[in-house]
Amino acid sequence: MIELEQVEAPLALFVEGLAGRYIHIKSLSEQHAATFDPLAARQSADAIYLPDSLPGMDRSAYLALALRQLGYREAGTFEFRIGEYCRRYDKPPPEVRPYGMPDRDSDFTQLFERYPNPAVARRLFLLLEDLRVDACVRRHYPGGARYLARVYRTRLATAAHSELRFDQLQRRVWGADTLTDLEHHFAPLLQSGNDVYTTAAALDVLYPRFHHDRDLLLDELNAEVSGAEWMQREARLEDWKQELDDLARQLLNIEMLDAEDALLEDSEGLGGTTRDTDQTLYSAKSERDSLARRVEMEKAALRHAVGQARGRARSFRYDEWNYLERRYLKRWCRLYEERIEPETGANVDELRAVIRTWRPQVKARLAQLKPLGLQRIYRVIDGDELDMNAVLSARQDIRAGMSPDERTYSRRDRVQRDVCAAFLVDLSASTDDPIDPPPPAAQEEDDEIPNLRDPFFEPPQSEPVPEPRKIIDIQREAMLVMASALDVLGDSFGIYGFSGYGRDCVEFFVAKEPDEALNARTLTAIASMAPKRSTRMGPAIRHASAKLAAAGQSMKLLIVISDGFPQDCDYGPARGEHEYGVQDTAKALLEAAAKGIETFCITVDRSGHDYLKRMCPDARYLVIDEIEALPDALTKVYATLTSS
């Protein structure tokens, strides 16, 4: 038996190489879809869902299942559009919907609704499309065709015999010699140069041969909306987004024409004429707003059906320590790593002012650090090894009758720092809390209650209340100050944030990688770090540790900055019970230490001593009473750890 967790990483690389972009490999259990087919596979726009395990098979079965799912994309299954179908085969166009009403059905659904029994049409179309896609896979990937044939032989060997035409067609998809009387109808699906509309045409011809199988239950006929229909809706959504961009450009052009007409009208003696664009402008804005509402409604429907789209993220699986059972839950958590997209409205000027204020102090403290890197120095008078090149040169000088150079040794000196640090910042929702909540305004006893019915009553003008400073503001400032100082010092460092909700959605945000330069984009990314959701520390620490372990520096340092204890919706057997998360985080920190990584935790939670002393090994933690002291405390911690 082969399990998905054994092949997930190499399979993701295989799929990425064929698709040209990263696609998540997930188990069917993560889609929460019930299936009785042990070899079932599904997909969404950014993921392929495969069985958790395949009894009696090897890893080639997973390769075949993934290859078949990629075949739908390569064969253009989801490019089907009902308008193009009607145009090609001279069919009546779909019913025109009222103005502004979004199309909640996919183009596939609209095709199936044209038949008396849409469930029969759906099942028949999907089987015919399987024939076409499999033929496409065999043509384009002959090396993988034998793996697919092996999987189909397993299916045929375990499938029960049936005389129902749908079951016979399913066996034909798997390679059995059935339905020979319909083979001439299948021929166009097996030839090169066809497309999804070829399958739609075959459906129209073959439907009368299958619609009498009404003794089958609707569930067996796949009466539910199929995954192909959701995928088609996702592909259609991209078309709508492109239309929305085109409308925005068209609207901009109209507004520019309006401005040009205003200039012509104001100009004297130029003989300019104006164009009546008011109606055109109103129509374009209405069309844009209607399409924008349609796009948002479709996004919400797709999120509800297939989950949050994570096309820009990469996913990883990590174990979790269950201290109650004293064992690891293998590959229990899925972590999504994605870049922080710099916000255009991020106020970088204020943050630059903070850097100018704090950097001299931080830089002066870090400048006292000693180099940690060792480099071999050649041609010295004394050392731990002979410099063979210098020895040979000295021998040549002696033979030539010249005075030899006595610097014939080499030694290792500390001439450069060799540090890689990772700063892991908690981006939970609680970091949006103000540092000092404003006290409630006290009402004076002699304040007169205003008569709101008085037509001449005017409320007193109140002074604008400044925006209170929040925990996330201090965290951002500390990261910016450290980044600017470490860049001058020459240490390699990465800055990351983490949040998420649930074990299947741990979020890991990258602001800066160690091998990247500190530039305006990096500063804007740090400034764009914002509060998210919960605090599942264990997977985030394990992922940051994996990044550090892959670094080539001799000293590796992980500093976690948080405002509270680790917690999440399913971080333990009961919600609100925090010991489970504390123990898992403690285990993750011990795992990092075993890899040679120095760890340290900083918290602004005044009650942090209660759990940090159990969570951090060797008392590697610091509780800050005043959050404004975070930049200075962070500098001291870094200097202490890297000078040891």
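Predicted, not measured: the structure shown is a model, and the values here were computed from it. Along each chain, residue indices are assigned from 1 in the same order as the chain's sequence is written. Reporting of local features is limited, given that this is a predicted model, to residues whose pLDDT is at least 70; pairs of side-chain atoms are given and counted only at 80 or more, and all residues count toward the totals for whole chains, interfaces and linings. Hydrogens and water molecules were not included; the side-chain quantities draw on all heavy atoms of the structure.

1. Digging into the overall build of the protein chain
This is how it is decided: Helix and strand assignments come from DSSP, with helices taken as H or I runs of at least 4 residues and strands as E runs of at least 2, each series counted from the N terminus. For the exposure calls, accessible area comes from a 1.4 Å probe over protein chains only, and a residue counts as buried if that area is under 20% of its type's maximum, exposed if over 50%, partly exposed in between. When checking whether two residues touch, look at their non-hydrogen atoms; a contact exists if any pair is within 4.5 Å. Here the Shrake-Rupley method, with its probe set to 1.4 Å, supplies the accessible areas, and only the displayed protein chains count as covering residues.
Scanning the protein chain from N- to C-terminus turns up 19 helices and 16 strands. Within the protein chain, the proportion of its 644 residues that are buried is 46%. The long-range fraction of contacts in the protein chain, counting pairs at least 24 apart against all pairs at least 6 apart in sequence, stands at 73%. In the form shown here, the protein chain has an accessible surface area of approximately 33,900 Å², with 51% of it arising from carbon and sulfur atoms.

2. What about the packing of helix 5 (residues 118-140) against helix 6 (residues 142-158)?
Formally: To obtain an axis, a line is fitted to C-alpha atoms, over the contacting stretch when the element is a helix, and the angle between two such axes runs from 0 to 180 degrees between their N-to-C directions. Roughly parallel covers angles under 35 degrees, roughly antiparallel covers those over 145, roughly perpendicular covers 65 to 115, and oblique covers all other angles. In this classification, Asp, Glu, Lys and Arg are treated as charged, Ala, Val, Leu, Ile, Met, Phe, Trp, Tyr, Cys and Pro as nonpolar, and every other residue, Gly included, as polar.
Interhelical geometry of helix 5 versus helix 6 gives an angle of 140° and a closest axis separation of 6 Å. Between helix 5 and helix 6, the crossing angle belongs to the class labelled oblique. Only Pro142, Ala145, Leu148 and Tyr152 of helix 6 make contact with helix 5, whose side of the interface consists of Asp134, Val137, Arg138, Arg139 and His140. For the contact of helix 5 with helix 6, a count of residues per class yields 5 nonpolar, 1 polar and 3 charged.

3. A closer look at helix 7 (residues 165-173)
Most of helix 7 is tucked away, with 7 of its 9 residues classed as buried. Every buried residue of helix 7 is accounted for by Phe166, Gln168, Leu169, Gln170, Arg171, Arg172 and Val173.

4. Some points on the packing of helix 2 (residues 59-74) against helix 5
Interaxial distance between helix 2 and helix 5 falls to 9 Å at its minimum, and their mutual angle equals 100°. With respect to their mutual orientation, helix 2 and helix 5 come out roughly perpendicular. Residue-level inspection shows Leu67, Arg68, Gly71, Tyr72 and Glu74 of helix 2 in contact with helix 5, the latter providing Glu129, Asp130, Val133, Asp134, Val137 and His140. By residue class, the composition of the contact of helix 2 with helix 5 is 4 nonpolar, 2 polar and 5 charged.

5. Re a nonpolar patch on the surface
Formally: Only residues whose relative accessible area exceeds 30% and that form no salt bridge enter a patch; like-charged residues are grouped when within 9 Å of one another, and nonpolar side chains (Val, Leu, Ile, Met, Phe, Trp, Tyr) when within 5 Å. Should a side-chain nitrogen of Lys or Arg be within 4 Å of a carboxyl oxygen of Asp or Glu, the pair is scored as a salt bridge.
A cluster of nonpolar side chains, contributed by Leu386, Met388 and Tyr409, occupies part of the molecular surface with about 290 Å² of accessible area. On the secondary structure map, Tyr409 appears in strand 10 (residues 409-416). Note on Tyr409: relative accessible area 31%, which makes it partly exposed.

6. A look at the environment of Glu234
Tracing the chain through its elements places Glu234 in helix 10 (residues 227-266). Spatially, the C-alpha atom of Glu234 lies 10.0 Å from that of Ala309, the residues being 75 residues apart in sequence.

7. Regarding helix 16 (residues 537-549)
Heads up, the rule is: Expected helix span is given by 1.5 Å per residue-to-residue step, counting one fewer step than there are residues.
Compared with an ideal rise of 1.5 Å per residue, which puts 13 residues at 18 Å, helix 16 spans 18 Å between its outermost C-alpha atoms and is within 8% of the ideal. Within helix 16, 10 of the 13 residues are buried, which leaves the element mostly enclosed by the surrounding structure.

8. Some thoughts on the sheet that holds strand 7 (residues 327-339)
Rules: Whether two strands pair comes down to DSSP finding at least two bridges between them.
Within the open sheet, the 8 strands sit side by side as 6-7-13-12-11-14-15-16. Their pairing is mixed. Every other strand in the sheet has two partners, leaving strand 6 (314-322) and strand 16 (621-623) as the edge strands with one partner each. When strand polarity is set aside, the average angle formed by the axes of neighbouring strands in this sheet is 25°. Note that strand 15 (residues 597-603) and strand 16 share 3 bridges and pair parallel. Bridged to Ile602 within strand 16 is Leu622. Against the sheet, helix 16 contacts strand 6, strand 7, strand 11 (419-426), strand 12 (492-500), strand 13 (506-512), strand 14 (555-562) and strand 15, and its axis sits at roughly 155° relative to strand 14. Helix-sheet contacts for helix 17 (residues 579-594) involve strand 6, strand 7 and strand 15, and the interaxial angle to strand 6 is about 110°.

These figures capture arrangement, not role.
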